[in-house]
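Observations on the model geometry
So you can see what is in the structure, the chains are spelled out below.
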Amino acid sequence: MIAPCPSGEGHETRLRGWLEAIPTPAYVADIAKIKRNLATAARIKRETGCRILLATKAFAMPVLFPLMRETLDGTTSSGLFEARMEREEFDKEIHTYIPAYKEEEFAQIVELADCVYFNSASQVERYIDRVKAKGKRAGLRINPGFSNSTVGGDLYNPCAPCSRFGELPAQFHRIPWDKIDILHVHTLCDSLHDGSVKLIQHVAENFAEQVGKVKAVNFGGGHYFNHPDYDVDAFIAAIRNFRAIFPHVEIYFEPGGALVYDAGYLVATVLDFHFNAKPLAILDTSANNHMPIVLQAHYRQPLQGAGKPGEFPHTYVLGGNMCMTGDVIGEYSFPKPLKVGDRLVFEDMIQYSFVQNNTFNGVPLPDLFVLHEDGTVQRASAFGYEDFRSRLGFPA
Ligand SMILES: Cc1ncc(COP(=O)(O)O)c(C=O)c1O
């Protein structure tokens, strides 16, 4: 069951005919699609015995956590605030990995987390005894020297040259392996099964000694197992094979994107038109503020009813309602000319989107909505001026 939204102005609003009725820009999480994605996770868990955690950096909508926690074993956090939110709102197993812990935060993190991962031998040396003293599990992230991540060049490749992520084998002699419970290997990004399978095989072939010393291996995120081209059977076979070689080891994955792949929308409104060499349309959203992946990794978000430039008779460059010339969402074509007031529905827009939002240019934060299976939409936030103002600090 979906938890009711917290009470407050607008929170209980449920809309039918929602596409025309909701204020834009707005993110809409589609419950039917999230359930479809969770069903894949449930199958992988059932057929391999692995545990799956949600990386809340990719998606964190507490109103949907009661649904997600029915399938998932817990969450993984990248900072104190995420860990606290996960304890307050999800409250299952919490794993935390931060490249470098801050002394003043560490005690709280150990309190909140069930497993604390370290990025380097120096972090282990500084902090591991405090984790063990609290009876919590300790993990070590390694850099296994294998990634097939190609998204965004090296932007998301943890094994890129000079990457600061994960300890290198040359430093393994400094690690007190008897205190390490979980080996952590996160190197993929939006990877299909060949990436997952090769990573699992790579660890089995090159890090058997280290796997032999720990109780669990966490193969990180980036396994894009809800993508239509992902062969889930091949993934399951690779996990089973690994378990057959290392029967003493528990397996974890901590996907974000895969759990909410293609499971929601960003709805925007056409505000005006312009012409400069090409027809331009200005929307009440922004690539920089609301679709960061478009600028970071040159993603082209699918747009309902639209095609590639020239595919349909009316092509426009879609741009944001803010100051950056490069705030371009992309060039799309439409069967009919766009009109002021038209609603545009960008797909696959709830992963790595609203979690990264900002209010640059005073652009309001889009509100969050949930599309229920009965076709109604429920408001899950009520952002406004106060959210913008509070981030600018106190008055003089
Ligand atoms: C350490 C770690 N774990 C898990 C994830 C989640 O990855 P994804 O959303 O690609 O599955 C990330 C993403 O950056 C990460 O850095």
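Residues numbered from 1 in each chain as written. Predicted model: local features only at pLDDT ≥ 70, side-chain atom pairs only at ≥ 80, totals over all residues. Heavy atoms only, no water.

Details of the overall build of the protein chain
Counting its regular elements, the protein chain contains 12 helices and 17 strands. Taking 21 Å as the expected radius of gyration for a compact globule of 396 residues, we find that the protein chain reaches 22 Å, a close match to that expectation. Once the C-alpha set of the protein chain is aligned to its principal axes, its extents read approximately 65 × 50 × 40 Å. Among the 396 residues that make up the protein chain, the fraction classed as buried is 54%. Expressed as a percentage of contacts within the protein chain between residues at least 6 apart in sequence, the contacts between residues at least 24 apart total 69%. Element-wise, carbon and sulfur atoms account for 54% of the exposed surface of the protein chain, whose accessible area totals about 17,200 Å². Of the charged side chains in the protein chain, 39 are positive and 47 negative, and the gap between their average positions amounts to 3 Å. (Helix = DSSP H or I, 4+ residues; strand = E, 2+ residues; numbered from the N terminus. Rg over C-alpha atoms; globule rule 2.2 N^0.38 Å. Buried < 20%, exposed > 50% of the residue type's maximum accessible area, 1.4 Å probe, protein only. Contact = heavy atoms within 4.5 Å. Areas by Shrake-Rupley, 256 points an atom, 1.4 Å probe, with all protein chains shown as cover. Lys, Arg positive; Asp, Glu negative; His and termini not counted. Charge placed at Lys NZ, Arg CZ, Asp CG, Glu CD.)

Observations concerning the domain arrangement of the protein chain
Per the domain assignment, the segments making up the protein chain are domain 1 (14–29 + 264–349 + 351–381) and domain 2 (49–260). At the junction of the two partners, domain 1 supplies 14 residues and domain 2 supplies 16 residues. Summing the contributions of domain 1 and of domain 2, the shared interface buries around 1,200 Å²; its carbon and sulfur component is 62%. Of all residues in domain 1, Gln351, Tyr352 and Phe354 bury the most surface against domain 2, accounting for 39% of the area lost on that side. Scanning the region where domain 1 abuts domain 2 turns up 0 salt bridges. Where domain 1 meets domain 2, there are 4 residue pairs in polar contact (both at pLDDT 80 or more). Those elements giving two or more residues to the side of domain 1 that touches domain 2 turn out to be helix H11 (292–297) and strand S16 (367–371). Classifying every residue of the side of domain 1 that touches domain 2 gives 11 nonpolar, 2 polar and 1 charged. (Domains from an automatic or database assignment. Buried area = accessible area lost by both parts, 1.4 Å probe. Salt bridge = Lys/Arg side-chain N within 4 Å of Asp/Glu carboxyl O. Polar contact = N/O pair within 3.5 Å; in protein donor to acceptor, adjacent residues only side chain to side chain. Nonpolar A, V, L, I, M, F, W, Y, C, P; charged D, E, K, R; others polar.)

A few points about the packing of aromatic side chains
A complete count under the given rule lists 23 aromatic pairs for this structure. Between Phe172 and Trp177, the ring centres sit 5.5 Å apart and the planes meet at 85 degrees, which makes this aromatic pair edge-to-face. For the pair Tyr224 and Tyr261, a centre-to-centre distance of 5.1 Å together with 70 degrees between the ring planes defines the contact as edge-to-face. Taken together, the residues span a long stretch of sequence, with Tyr224 in the loop between strand S9 (216–218) and helix H9 (232–245) and Tyr261 in the loop between strand S10 (250–253) and strand S11 (264–276) at a distance of 37 residues. Classification of Tyr261 by relative accessible area gives buried; the value is 13%. Every member of this aromatic cluster is reached through a ring pair, and the members are Phe219, Phe225, Tyr230, Phe235, Phe242, Phe246 and Phe253. Over the ring of Tyr332 we find Arg300; its NZ or CZ atom is 4.0 Å from the centre of that ring. (Phe/Tyr/Trp six-rings, centres within 6.5 Å; stacked < 30°, edge-to-face > 60°. Lys NZ or Arg CZ within 6 Å of the ring centre and 35° of its normal.)

Here we look at the pairing of strand S2 (residues 26–30)
Burial within S2 is extensive, with 5 of its 5 residues counted as buried. Going residue by residue along S2, you find Ala26, Val28 and Asp30 tucked away on one face and Tyr27 and Ala29 tucked away on the opposite face as well. Summarising the sheet, S2 and S11 pair through 4 bridges and their orientation is antiparallel. The partner of Ala29 across the bridge, within S11, is Gly264. Pairing geometry for S2 and S16, over 5 bridges, is parallel. Among the inter-strand pairings, Ala26 is bridged to a residue of S16, identified as Asp367. (Pairing = 2+ DSSP bridges.)

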